[in-house]
Structure formats: structure tokens, C-alpha cells
Amino acid sequence: MNFLEERIQRDGIVKEGNVLKVDSFLNHQMDIKLFKQMGEEWKRRFEGTYINKILTIEASGIGIACVASEYFDAPVVFAKKSQSINIDGDMYVAEVESFTHKCKNQVIVSKKFLGPDDHVLIIDDFLANGCALQGMISIIAQAGAVLEGIGIAIEKGFQSGGRTIRNLGYHLESLAIVDSMDAATGKINFRSQDESK
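All values derive from a computational prediction rather than experimental measurement.

Chemist: Looking at this model, I keep getting lost on helix H3 (residues 60–72). Mind explaining?
Modeler: Counting along an α-helix, one turn takes 3.6 residues, and residues three or four places apart therefore face a common direction. Of all the bends found along H3, the most pronounced is centred on Cys66 and spans about 30°. For H3, every residue scored as buried is listed here: Gly61, Gly63, Ile64, Ala65, Val67, Ala68, Ser69 and Phe72. Elements in contact with the buried residues of H3: helix H2 (32–45), strand S3 (53–57), strand S4 (76–79) and strand S7 (119–127). Note on H3: the residue one or two positions beyond its end, Asp73, has a positive phi of about 50°.

Here it is, written out as C-alpha cells:
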């Protein structure tokens, strides 16, 4: 078991409906030491890949992406889920459906912050059905940027997102892949990953 799997096993809570609550350390209260370990691990897994921009989506991915960015020495851009009065100029727009919130959002990124010279690493907290990821991939394509890789904290391996993204040929590195979980017992099974990757 790796460090993140151990933490999920210890502090994660399985709820009905395939919901994994990790809000005590990942996406409400944030454990920055854990985030640093995650950043280091992604840096190791994407070693030798030129990355000059990190893209995430609000809100839960922002903290993780910011800490990870220190290891890549690259700024973080986050896709916003609603247009506010302080976003001006041209924007890239994609529609995403949220597994957690059961709704569709348009996500936007200002064209000032993403363009053809960018080599992008996407960082996010969860991968379930892959809709948020596909929205970010669409925005990168609209920008003419290069998607170099995708770093996910927790992938729900029993949902289709990871398989879909890998089948599209993207370099996807999930630090913990949950193969199954049981709300009645609280048991979580992780997919074995090659630690030497």
C-alpha cells in the first residue's frame, strides 16, 4: 500500500451510492504534508516530461494543484465553474457534468492564461466518470496547448472514467485506484500498482 492508500484506508468513509468521503484530509480540511507527498510522487511519475502549466478545476483540485506546482515550478490555472464580473476578454468554455453534485456546469478559462506554447499537466482530486477531465482536455485542445499528462489523487476504478481516458492515449497517473468499496462494512479495495513506475 502506498501512502495515499493507507490514509484513505485509515480516514476515508464509504457512503451509500459509491461515495468516498475524504473531506478530513483531501477536499475540505487539507493535509498539506500529504499534498507535498503527492506532488513529489507526481513529479517522480512525470520525470523527464516538460510541463510549464498546471490546470485544475475549482474547487477541490486547487489546493492539491498549488502544492504540486512547487515540484514542477509551473503556475496553476483553474477552470472556473461560473462567470464572474472580474473575468474579462476571450475564454475557452467546456461543459462538464459533476458526479458528486449531479449537475452540469460550464467551465471557463481565460485565453490569457493558456495557449499554444503551454505543456499542461492536469491535476485533480477525483476521477469517477471522467466528465470534468474531458472538459479540461477540451479546453487544452481549444487553446492549442499540449496535454502532457494527468495526475489524479483518487480514481474510482470501478467507474468508466479512467479506462476512457487511458483508451484515448493520455498519460494518466492516479495515486490511489479504488477497485471496490462497501458502505456496509467500510471496506475499500485498491488496485495493485507497479510502485517502480
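What follows continues from the structure just given.
Chemist: For this particular structure, what's the right way to read unusual backbone geometry?
Modeler: Geometrically, the link from Glu58 to Ala59 is a cis peptide bond, its omega value of 5° lying close to zero. One can find Ala59 in the loop between S3 and H3. The residue Asn18 is not glycine, and still its phi comes out positive at about 60°. Mapping Asn18 onto the fold places it in the loop between strand S1 (13–15) and strand S2 (19–21).

Chemist: Got a minute to help me understand the sheet that holds S7 in this structure?
Modeler: Strand pairing within a sheet occurs via backbone hydrogen bonds; the two strands may be parallel or antiparallel. With mixed pairing, 6 strands are arranged side by side in an open sheet as S4-S3-S7-S8-S9-S10. Single-partner strands in this sheet number two, and they are S4 and strand S10 (188–190). The sheet shows a mean angle of 25° between the axes of neighbouring strands, direction not considered. Where S7 and strand S8 (residues 146–156) come together, 8 bridges link them in parallel fashion. Within S8, the residue paired with His119 across the bridge is Val146. On the sheet, helix H1 (residues 3–11) packs against S8, strand S9 (172–181) and S10 and is oriented at approximately 35° with respect to S9. Of the strands in this sheet, S3, S4 and S7 are in contact with H3, which crosses S3 at around 170°.

Definitions and limits used
Residues numbered from 1 in each chain as written. Predicted model: local features only at pLDDT ≥ 70, side-chain atom pairs only at ≥ 80, totals over all residues. Heavy atoms only, no water. Bend = angle between axes of the 7 residues up to and from the residue. Helix = DSSP H or I, 4+ residues; strand = E, 2+ residues; numbered from the N terminus. Buried < 20%, exposed > 50% of the residue type's maximum accessible area, 1.4 Å probe, protein only. Contact = heavy atoms within 4.5 Å. Pairing = 2+ DSSP bridges. Axes fitted to C-alpha atoms, helices over the stretch in contact; angles between N-to-C directions.

By themselves these figures say nothing about function.
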